[in-house]
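What follows is each chain in one-letter form.
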Amino acid sequence: MTTKSIPELLRRSLESHLAASDLREDEEMKVLMGKLNNLSAKVAAAKAQVVARRNQVKK
């Protein structure tokens, strides 16, 4: 079972609100989305490291 990280869930929620015109896509929103994308990538990398370490311990 794959779960989404908190930054990924927040990014998707904001995209949904943008699509529904609840929020404006201004410069501040673009910066925020960029930061969420960066954080999401870091979380994914950390998860991959944990999985790799667990696999090494099991061997």
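Everything here concerns the structure above.
Residues numbered from 1 in each chain as written. Predicted model: local features only at pLDDT ≥ 70, side-chain atom pairs only at ≥ 80, totals over all residues. Heavy atoms only, no water.

Student: Where do I start with unusual backbone geometry in this structure?
Tutor: Non-glycine residue S21 carries a positive phi angle of around 60 degrees. The class for S21 is exposed, based on a relative accessible area of 61%. (Buried < 20%, exposed > 50% of the residue type's maximum accessible area, 1.4 Å probe, protein only.)

Student: Just checking my understanding: could you explain the nonpolar core for this structure?
Tutor: As a rule of thumb, soluble globular proteins bury nonpolar side chains together. Listed in full, the five residues of the largest apolar core are L14, L18, M29, M33 and L36. Broken down by secondary-structure element, the contributors of at least two residues to this core are α1 (6–19) and α2 (27–58). Examining the composition of this core, we find that three residues originate from one element, α2, more than from any other. Excluding residues that lie within four positions of it along the chain, M29 makes contacts with L14, L18, L23 and R24. (Core = buried A, V, L, I, M, F, W, Y, C linked by side-chain atoms within 4.5 Å. Helix = DSSP H or I, 4+ residues; strand = E, 2+ residues; numbered from the N terminus. Contact = heavy atoms within 4.5 Å.)

Student: I'm lost on the pattern of salt bridges in this one. Help?
Tutor: Oppositely charged side chains are able to pair whenever their charged atoms sit close together. If you walk through the whole model with that rule in mind, you get three salt bridges. Among the salt bridges present, the one from E8 reaches R11, with a minimum N-O distance of 2.4 Å. Here R11 and E8 lie together in helix α1, a separation of three residues that amounts to about one turn. Like R11, E8 is buried. A residue is classified by how much of its surface remains accessible, and R11, at 15% relative accessible area, is buried. Several salt bridges share partner residues, and in doing so they unite E8, R11, R12 and E15 into one network. (Salt bridge = Lys/Arg side-chain N within 4 Å of Asp/Glu carboxyl O.)

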